[in-house]
Amino acid sequence: QVQLVESGGGLVQPGGSLRLSCAASGIIFSINVMGWYRQAPGKQRELVATLLRDGSANYADSTKGRFTISRDNAKNTVALQMNSLNVEDTAVYYCVVGFGRTPQYWGQGTQVAVSS
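Within each chain, residue numbers correspond to sequence positions counted from 1 in written order. Side-chain atom pairs in this predicted model are given and counted only at pLDDT of 80 or more, local residue features only at pLDDT of at least 70, and totals for whole chains, interfaces and linings cover all residues. The side-chain values count all of the structure's non-hydrogen atoms but skip hydrogen atoms and water molecules.

### Points about the sheet that holds strand β3 (residues 18–26)
Within a beta sheet, neighbouring strands are joined by backbone hydrogen bonds and run either parallel or antiparallel to one another.
Item 1. When DSSP finds two or more bridges between a pair of strands, those strands are recorded as paired. Only DSSP runs of H or I covering at least 4 residues are called helices, and only runs of E covering at least 2 are called strands; the numbering of each starts at the N terminus. Sheet architecture is open: four strands sit in the order β1-β3-β8-β7, paired in antiparallel fashion. Each end of this open sheet is capped by a strand with a single partner; those strands are β1 (2–7) and β7 (67–72). Taken over all neighbouring pairs, the strand axes of this sheet differ in orientation by 15° on average, direction set aside.
Item 2. Pairing of β7 with strand β8 (residues 77–82), which is carried by six bridges, proceeds in the antiparallel orientation. When the bridges of β8 are listed, I69 appears paired with L80. An axis is simply a line fitted to the C-alpha atoms; with a helix, the fit covers only the stretch in contact. Between two such axes, the angle follows the N-to-C directions and lies from 0 to 180 degrees.

### Some thoughts on the environment of V78
Item 1. Mapping V78 onto the fold places it in strand β8.
Item 2. Contact criterion: two residues are considered in contact whenever any of their non-hydrogen atoms come within 4.5 Å of each other. In this view, V78 contacts L20, S21, C22, M34, G35, W36, I69, S70, R71 and C95; residues no more than four positions away in its chain are not counted.

### A look at the state of the cysteines
Item 1. Counting rule for disulfides: a pair of cysteine sulfur atoms within 2.5 Å. Evaluation of the coordinates by the stated rule reveals one disulfide.
Item 2. Residue C22 pairs covalently with C95 via a disulfide, S to S 2.1 Å. Residues C22 and C95 share a disulfide whose torsion about the S-S bond is about -80°; that sign makes it left-handed. Within this pair, whereas C22 is found in strand β3, its partner C95 is found in strand β9 (residues 91–98), the two being separated by 73 residues in sequence. Comparing C22 with C95 shows no difference in burial state: the two are buried. Only protein chains enter the accessibility calculation, which uses a 1.4 Å probe; a residue is then buried when its area is under 20% of its type maximum, exposed when over 50%, and partly exposed in between.

### Let's talk about the side chain of N32
Item 1. Mapping N32 onto the fold places it in the loop between β3 and β4 (33–39).
Item 2. A relative accessible area of 17% means that N32 is categorised as buried.
Item 3. Here a polar contact is taken to be a pair of N or O atoms separated by no more than 3.5 Å, where protein atoms must pair a possible hydrogen donor with a possible acceptor and residues adjacent in sequence count only if both atoms sit in side chains. Polar contacts involving the side chain of N32 include one to the main-chain carbonyl oxygen of G100, which spans 3.0 Å.

Structure representation (structure tokens):
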């Protein structure tokens, strides 16, 4: 089993920044993909960004150029730096990890609210 603990959500004004962090524990010695998904009210869950162990990153078009994903393989952590936030970024953000290229384990989620 894998446990994921997220932190860093909150309320921010449009144009502001937030940094999300996630720490993985448990049977994690061969995790490949780490990343973030989000779900806004009334919408389907969607990809934000993922990062493979080899450094290959995948971003949603809506987050490219504003969000940056990073990971520390030694510490089994993944972070998401979010800049130039807008109201459309308001959502619950979920940390995900997997042993392949797709998510297998999901965190509980952390709320990000962008509002003036």
